[in-house]
Structures are given as C-alpha cells and as structure tokens.
Amino acid sequence: MEQQKQPAPARPTAAFVGASWVALGIGASLFFIGLYNAHMLLSEKGFYFAVFLLGVFAAVSVQKAVRDRAEEIPVTGVYLGVSWSMLLASLILMTAGLWNADLLLSEKGFYGIGFAMSLFAVVAVQKNVRDLAAARDGDPAPARPRPPLFPPPPAP
C-alpha cells in the first residue's frame, strides 16, 4: 500500500498568530498579577503557580500528541494518557483550590478565567508554532542560518 504524504497545513494568518500570543499574555498576566497581589500565604501562591505551570505544559503535550497521531506520527498510548490525565489533574486541582480558598467569588472567577484563557491560548500558540514550522519547511527558499547561541571564543 502506497503511503501518501499529507500536505503541509496552511500557514496561519498573522492576525491569528498575534491574537493567540496576546490571549496567552493577557491570561497569564492576569493570573500572575492577581497572584502577586493576593493576600495569601506564600505556600498557597506556590500551589497556584505550580498548578498553572502543570496545566500549561499538559495542554501543550495533549495538543502535540493529538496532532502527531492525526499526522500518523507514532505516539504511545501511555504518553497520550499521561498528558490527558495531567491536564485533567491540573483542572481538578485548580478547581478544588479555588473552591476551598478564602477568596471573594470575584477573585476566584478572576483566577479561573485567567487559567482557562491561558490553557486555550497555549494550545493555539502551539498549533501556530507547529503550522509555521511546517510551512517554513515546505518553502523552497532555504531559511537563513541562525547565528550560534554561544559564539566560539576569538582565536589567540
């Protein structure tokens, strides 16, 4: 059976790329500004910060694994399952933390919306990064080489 190469995804528009990054910036900024200004113990702030990072990382992992499978790139069921379970765990932990927090309802909503907005936006950003890379790799014009991150020391 002949395996057909799937066409490269369409290049996302600059407006969608920009909107995705702005949404991620706003969501994360809202969450972190609220966390910085909150009157809670440092350990509570650390909990919310860690759950936020877990959720963002898990959302990117789920997006990548689902897309890899759609493009017939091998992804183990274990990795996909762990990604989904960590995303679910972050949602449950954030919900339980906010439910039991000694915060005003408006503050709880503020954190919840910032978290949800960031999860959605990071998936869109990951999609755009991947689509742009695929479009770039499909372009006949070679990409300009990047300068080295750490240039070699000058010769003596």
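Residues numbered from 1 in each chain as written. Predicted model: local features only at pLDDT ≥ 70, side-chain atom pairs only at ≥ 80, totals over all residues. Heavy atoms only, no water.

With a phi angle near 60 degrees, glutamate 72 is a residue other than glycine that sits in the positive phi range. Positionally, glutamate 72 belongs in the loop between helix 2 (42-70) and helix 3 (77-100). (Helix = DSSP H or I, 4+ residues; strand = E, 2+ residues; numbered from the N terminus.)

As a further point, take the confidence of the model for the protein chain. For the protein chain, mean pLDDT is 86; residues scoring 70 or higher make up 88% of the total. When the elements of the protein chain are averaged for pLDDT, helix 4 (residues 105-138) gives the smallest value, 88, and helix 3 the largest, 94. (pLDDT = per-residue confidence, 0-100.)

Another aspect to go through is the packing of aromatic side chains. For the structure shown, the criterion picks out nine aromatic pairs. Residues phenylalanine 31 and phenylalanine 32 carry aromatic rings whose centres are separated by 5.8 Å and whose planes lie at 85 degrees to one another, so their mutual orientation is edge-to-face. By relative accessible area, which is 0% here, phenylalanine 31 ends up buried. Take phenylalanine 32: its relative accessible area is 30%, and that puts it in the partly exposed class. (Phe/Tyr/Trp six-rings, centres within 6.5 Å; stacked < 30°, edge-to-face > 60°. Buried < 20%, exposed > 50% of the residue type's maximum accessible area, 1.4 Å probe, protein only.)

What follows is about helix 1 (residues 14-37). For helix 1, with 24 residues, the first-to-last C-alpha span of 34 Å sits near the 34 Å given by 1.5 Å per residue. Listing the buried residues of helix 1 in full gives Val17, Ser20, Ala23, Leu24, Gly27, Ala28, Phe31, Gly34 and Leu35. (Expected span 1.5 Å × (residues − 1).)

With that out of the way, let us pick up the pattern of salt bridges. Overall, the coordinates contain six salt bridges when judged by the stated rule. Between lysine 64 and aspartate 68 there is a salt bridge, with the nearest N and O atoms lying 2.6 Å from each other. Pair noted here: lysine 64 and aspartate 68 are both in helix 2, with a separation of four residues, about one helical turn. A relative accessible area of 6% means that aspartate 68 is categorised as buried. (Salt bridge = Lys/Arg side-chain N within 4 Å of Asp/Glu carboxyl O.)

On to helix 3, then. Taking 1.5 Å per residue, 24 residues should reach 34 Å; helix 3 reaches 34 Å between its end C-alpha atoms and fits that length. If you check which residues of helix 3 are buried, you get Leu80, Ser83, Leu87, Ser90, Met94, Gly97 and Leu98.

Attention shifts here to the side chain of arginine 130. With respect to the helices and strands, arginine 130 occurs in helix 4. The contact partners of arginine 130, leaving out residues within four places of it in the chain, are Lys64, Arg67, Asp68, Glu71 and Ile73. (Contact = heavy atoms within 4.5 Å.)

On to the packing of helix 1 against helix 2, then. In contact at an axis separation of 10 Å, helix 1 and helix 2 are set at 165 degrees when each is read in the N-to-C sense. Classified by the interaxial angle, the pair formed by helix 1 and helix 2 is roughly antiparallel. Here helix 1 and helix 2 pass one another in a crossing that is left-handed. Counting all contacts with helix 1, which are made through Ala28, Phe31, Phe32, Leu35 and Tyr36, the residues of helix 2 involved are Lys45, Tyr48, Phe49 and Phe52. The residue makeup of the contact of helix 1 with helix 2, split by class, is eight nonpolar, no polar and one charged. (Axes fitted to C-alpha atoms, helices over the stretch in contact; angles between N-to-C directions. Parallel < 35°, antiparallel > 145°, perpendicular 65-115°, else oblique. Left-handed = near helix turned anticlockwise from the far one by under 90°. Nonpolar A, V, L, I, M, F, W, Y, C, P; charged D, E, K, R; others polar.)

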